[in-house]
Amino acid sequence: MTATGIQEMPTTWRCGRFLFDFSKRQRPIVMGILNATPDSFSDGGKFRTPKDAIAQAELMIKNGVDLIDIGGESTRPGAEPVSLQEELDRVMPVIESLRDCGVPLSIDTYKAQTMRQALSAGVDCVNDIWALRQEGSIEAVLESSQCGIVLMHMQRDPLTMQFNPEYRDVVAEVLQFLQERASLLLSKGVDQSRIAIDPGFGFGKSLEHNLKMLNKFASFSSLGYPVLAGISRKSMIGKVTGKDTNERVAPSIAAAIMAADRGARIVRVHDVPETVDALKLWEAVHLAQ
């Protein structure tokens with residue numbers, strides 16, 4: 001923190017076995033989404049078998065992905081929870097096959113036992129939509145000395161989050177929540193370099209809330225943690241463009257570029273090759289200044 005009380009932008013992010021050095025790169029980390037689920041909103045069912053999920057991961061690696069986020073439970077609006085065993089059956093074979101793939105792996109879960117087993121199997125990051133508010137989740141990440149942690153804001157829960165979400169000031173309230181969750185981890189001895197934050201586009205926000213958060217996205221960097229933008233193919237894009245889920249590639253890339261312009265250090269995306277190429281051009285322009 002500077003003498004004025006404003007957090008400095010992070011220069012590194014510790015993600016398990018890997019260290020991302022932002023002083024040596026302009027473009028954000030591209031986190032590729034790997035949904036080993038039958039019901040995710042965009043690609044549900046495409047990669048539900050371990051063989052299909054592993055093949056998709058290998059394709060993402062070939063196309064330049066920096067980090068792979070593996071999920072075994074859909075968190076789309078209205079999604080029903082799945083049992084611990086079902087989630088483990090979906091994600092563990094994928095993790096075990098990919099742990100030495102050359103890029104860090106993230107587990108997208110809120111269940112403490114899934115976190116523990118995934119970390120033991122070699123996962124480098126825990127990405128939690130509940131920001132470690134579920135029982136045992138903080139203790140699970142404390143058992144690892146260096147895993148990356150992504151804390152996300154969500155109003156209510158996936159079943160009810162889109163039932164008339166309300167805020168007085170969405171940016172200020174999300175900022176306050178993320179600061180409180182990160183500060184709790186710091187108080188428990190977690191190194192600041194391990195923490196990243198996600199304002200949670202689409203998780204208990206209206207279209208107006210989502211657009212305001214993207215417009216003011218630079219505000220989230222004021223907390224001093226790498227900020228993740230997860231906008232890819234979401235309903236906010238469909239509401240603006242009128243396009244179905246699989247027709248949202250171009251506006252999803254546009255959203256990633258807008259987030260990068262506003263300080264995003266991580267972009268979580270479905271369309272890895274297109275996003276990587278777009279960000280390469282974005283980075284080249286920045287370096288030419």
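Above this note sits the structure.
If you're wondering where the values come from, they're calculated on a predicted model, not measured in any experiment.

Peer 1: Where do I start with the overall build of the protein in this structure?
Peer 2: The secondary structure content of the protein amounts to nine helices and 10 strands. Here the C-alpha radius of gyration of the protein, 17 Å, is about what a compact globule of 289 residues would show, namely 19 Å. With respect to the three principal axes, the spread of C-alpha positions in the protein is 50 × 45 × 45 Å. Counting over 289 residues, the protein shows a buried share of 55%. Counting only contacts in the protein whose residues sit at least 6 apart along the sequence, the fraction spanning at least 24 positions is 69%. Carbon together with sulfur atoms contributes 49% to the accessible area of the protein, which is approximately 12400 Å² in total. When the 32 basic and 36 acidic side-chain charges of the protein are each reduced to a single mean position, those positions are 3 Å apart.

Peer 1: What should I look at first to understand unusual backbone geometry in this one?
Peer 2: What is expected of a backbone is that most residues other than glycine have negative phi and most peptide bonds are trans. The backbone phi angle of Leu132 is positive, close to 60 degrees, even though this residue is not glycine. With respect to the helices, strands and loops of the structure, Leu132 is situated in the loop between strand E6 (125-128) and helix H4 (137-142). The exposure class assigned to Leu132 is buried, which follows from its relative accessible area of 3%. Look at Arg233: it is not a glycine, yet its phi comes out positive at around 60 degrees. Of note, Arg233 is situated in the loop between strand E9 (228-229) and helix H7 (235-241).

Peer 1: Help me out: how do you make sense of the nonpolar core in this one?
Peer 2: Soluble globular proteins: nonpolar side chains tend toward being buried together. Residues Leu34, Ile68, Ile70 and Ile95 are the most contacted members of the largest nonpolar core, which totals 70 residues. At eight residues, the largest contribution of residues to this core is made by helix H5 (residues 170-187). Ranked by size, the runner-up nonpolar core spans 12 residues in total, among them Phe20, Ile29, Leu67 and Leu228.

Peer 1: Would you explain the state of the cysteines in this entry?
Peer 2: What makes a disulfide is a covalent bond joining the sulfur atoms belonging to two cysteines. On inspection of all chains with the given rule, the structure shows zero disulfides. Sulfur of Cys15: no disulfide; nearest cysteine sulfur belongs to Cys125 and is 4.6 Å away. On the basis of relative accessible area, Cys125 is assigned to the buried category, the value being 0%.

Peer 1: Would you take a moment to explain the sheet that holds strand E3 (residues 29-35) for this structure?
Peer 2: Neighbouring strands of a sheet are bound in pairs by backbone hydrogen bonds; such pairs are parallel or else antiparallel. Here we have eight strands laid out as an open sheet, ordered E8-E7-E6-E5-E4-E3-E10-E9, and parallel in their pairing. Each having just a single partner strand, strand E8 (195-198) and E9 make up the two edges of the open sheet. Both E3 and strand E10 (residues 266-269) contribute to a ladder of four bridges, which runs parallel. For Ile29, the partnering residue across the bridge sits in E10 and is Ile266. Sheet strands touched by H5: strand E7 (148-152) and E8. Its angle to E7, the strand with the most contacts, is close to 150 degrees.

Parameters at a glance
Residues numbered from 1 in each chain as written. Predicted model: local features only at pLDDT ≥ 70, side-chain atom pairs only at ≥ 80, totals over all residues. Heavy atoms only, no water. Helix = DSSP H or I, 4+ residues; strand = E, 2+ residues; numbered from the N terminus. Rg over C-alpha atoms; globule rule 2.2 N^0.38 Å. Buried < 20%, exposed > 50% of the residue type's maximum accessible area, 1.4 Å probe, protein only. Contact = heavy atoms within 4.5 Å. Areas by Shrake-Rupley, 256 points an atom, 1.4 Å probe, with all protein chains shown as cover. Lys, Arg positive; Asp, Glu negative; His and termini not counted. Charge placed at Lys NZ, Arg CZ, Asp CG, Glu CD. Core = buried A, V, L, I, M, F, W, Y, C linked by side-chain atoms within 4.5 Å. Disulfide = S-S within 2.5 Å. Pairing = 2+ DSSP bridges. Axes fitted to C-alpha atoms, helices over the stretch in contact; angles between N-to-C directions.

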